[in-house]
Amino acid sequence: MTLKNAYEYCLNCLNKNGIDEADFKSLCLVCSLANIKNSEYNLKNDTEIEDYILTEPLLRLLGGEPLQYVLGKWDFFESEFYVGEGVLIPRPETEELVEKAVAAAGEYDAPVIYDLCSGSGCIGISIAKKCKDATVYCVEKSADAISYLKKNAQGANNVRVILGDITKPLDLPKADIIVSNPPYIKSGDIEALQSEVHFEPKMALDGGEDGLFFYRAIERICAANLKSGGTVLLEIGNEQSDEVKSIFAAYKDVQSFKDIYGNFRIVKAKN
């Protein structure tokens, strides 16, 4: 079949089964199978592909699996990251956390940076690629996630992958910057999340009873490991701005910033 035939078939199947964003998912899937960019579809939609290669990924989409897992990789910031079962999917609002961390890194000479709860490594590796003089320690607890982290870190010589638990002391060089997108959803709210999110690891979502468990753990890491004058940058959930800022109330210049959707998404503080 041609790429156009494959796209139309996917679109029809996904629409009939009530899958949201059917047009976008169909386009991404067929372009991935043809190994072309989405922007090239109109120029190359007469390309022939084998029928059988469409079956398995389409069935996964029909089963509600996230598009990113089906494709096995996803664009984030200026790179492409491998993702799959066991790792949190990179999201566009998190790119703003990377931008602020890169800007902060310019204040330090050869900065040491921690990316805590690193997951796929999309945050820490993106920072490392922009800040060649930095050393970035990507700390992750999950063995499933760290396999993706190691794969994504290949070629980034200033990244150090650390299997570690941030609820325990970290034996690492003192940090100039600590950045994290930790689990921040309240335990009781996880069941109500959209169905696709339930494919993602609960470990990467569950922030404890009040959603703030890991922010307290990060503050303890900051107290022990962040240099004087160092910067902490954290992604937060909706309506968590005041609570997270209160956890870091003893720090200087505690601020919160809105994301592209108008929600407070980042808290920044200085030690």
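Residues numbered from 1 in each chain as written. Predicted model: local features only at pLDDT ≥ 70, side-chain atom pairs only at ≥ 80, totals over all residues. Heavy atoms only, no water.

Caption draft 1: View of helix α2 (residues 22–33). For α2, with 12 residues, the first-to-last C-alpha span of 16 Å sits near the 16 Å given by 1.5 Å per residue. Within α2, burial applies to Ala 22, Lys 25, Ser 26, Cys 28, Leu 29, Val 30 and Cys 31. In this structure, the buried residues of α2 make contact with α1 (3–16), α3 (41–44), α4 (52–62) and α5 (67–71). Immediately beyond the C-terminal end of α2, within one or two residues, lies Asn 35, with a positive phi of roughly 60°. (Helix = DSSP H or I, 4+ residues; strand = E, 2+ residues; numbered from the N terminus. Expected span 1.5 Å × (residues − 1). Buried < 20%, exposed > 50% of the residue type's maximum accessible area, 1.4 Å probe, protein only. Contact = heavy atoms within 4.5 Å.)

Caption draft 2: Spotlight on the packing of helix α6 (residues 94–105) against helix α7 (residues 122–130). Contact geometry of α6 with α7 gives a least axis separation of 10 Å together with a crossing angle of 40°. The angle between α6 and α7 places the two elements in the oblique class. The chirality of how α6 crosses α7 is right-handed. Between α6 and α7, the contacting residues are Thr 94, Leu 97, Val 98, Ala 101 and Val 102 on the first element and Ile 123, Ser 126, Ile 127 and Lys 130 on the second. Looking at the contact of α6 with α7, its residues break down into 6 nonpolar, 2 polar and 1 charged. (Axes fitted to C-alpha atoms, helices over the stretch in contact; angles between N-to-C directions. Parallel < 35°, antiparallel > 145°, perpendicular 65-115°, else oblique. Left-handed = near helix turned anticlockwise from the far one by under 90°. Nonpolar A, V, L, I, M, F, W, Y, C, P; charged D, E, K, R; others polar.)

Caption draft 3: Layout of the packing of α2 against α4. At a closest axis distance of 11 Å, the pairing of α2 and α4 adopts a crossing angle of 150°. The orientation of α2 with respect to α4, classified from their angle, is roughly antiparallel. For the pair α2 and α4, the crossing hand works out as right-handed. Side by side, α2 and α4 meet where Lys 25, Leu 29 and Leu 33 of the first sit next to Ile 53, Leu 54, Pro 57, Leu 58 and Leu 61 of the second. When grouped by side-chain class, the residues that make up the contact of α2 with α4 number 7 nonpolar, no polar and 1 charged.

Caption draft 4: Spatial organisation of the nonpolar core. Of all hydrophobic cores here, the largest spans 31 residues; its most connected members are Tyr 114, Leu 116, Ile 178, Ile 218, Cys 222, Val 244 and Phe 248. Apart from residues lying up to four places away in sequence, Leu 116 is in contact with Val 139, Ile 166, Leu 170, Ile 178, Val 179, Ser 180, Asn 181, Ile 218 and Ile 221. (Core = buried A, V, L, I, M, F, W, Y, C linked by side-chain atoms within 4.5 Å.)

Caption draft 5: Examining the pairing of strand β9 (residues 264–270) more closely. With respect to burial, β9 is a largely interior element, 6 of its 7 residues being buried. Strand direction decides the pairing type here: strand β8 (residues 252–258) and β9, joined by 5 bridges, are antiparallel. If you follow Lys 258 over to β9, its bridge partner there is Phe 264. (Pairing = 2+ DSSP bridges.)

Caption draft 6: Seen up close, the pattern of salt bridges. For the structure shown, the criterion picks out 13 salt bridges. Ionic pairing is found between Glu 78 and Lys 130, a salt bridge with its closest N-O pair at 3.4 Å. One end of the pair, Glu 78, is in the loop between β1 (73–76) and β2 (79–82); the other, Lys 130, is in helix α7, with 52 residues separating them in the sequence. Of the residues examined, Glu 78 reaches a relative accessible area of 56% and is grouped as exposed. Taking relative accessible area as the criterion, Lys 130 reaches 42% and is therefore assigned partly exposed. The partner of Lys 227 in a salt bridge is Asp 176, and the shortest N-O contact between them spans 3.3 Å. Taken together, the residues Lys 227 in strand β7 (residues 226–235) and Asp 176 in strand β6 (residues 175–180) connect sequence positions 51 residues apart. Lys 227 sits in the partly exposed class, given a relative accessible area of 34%. Residues joined in a network through salt bridges with shared partners are Asp 20, Lys 25 and Glu 196. (Salt bridge = Lys/Arg side-chain N within 4 Å of Asp/Glu carboxyl O.)

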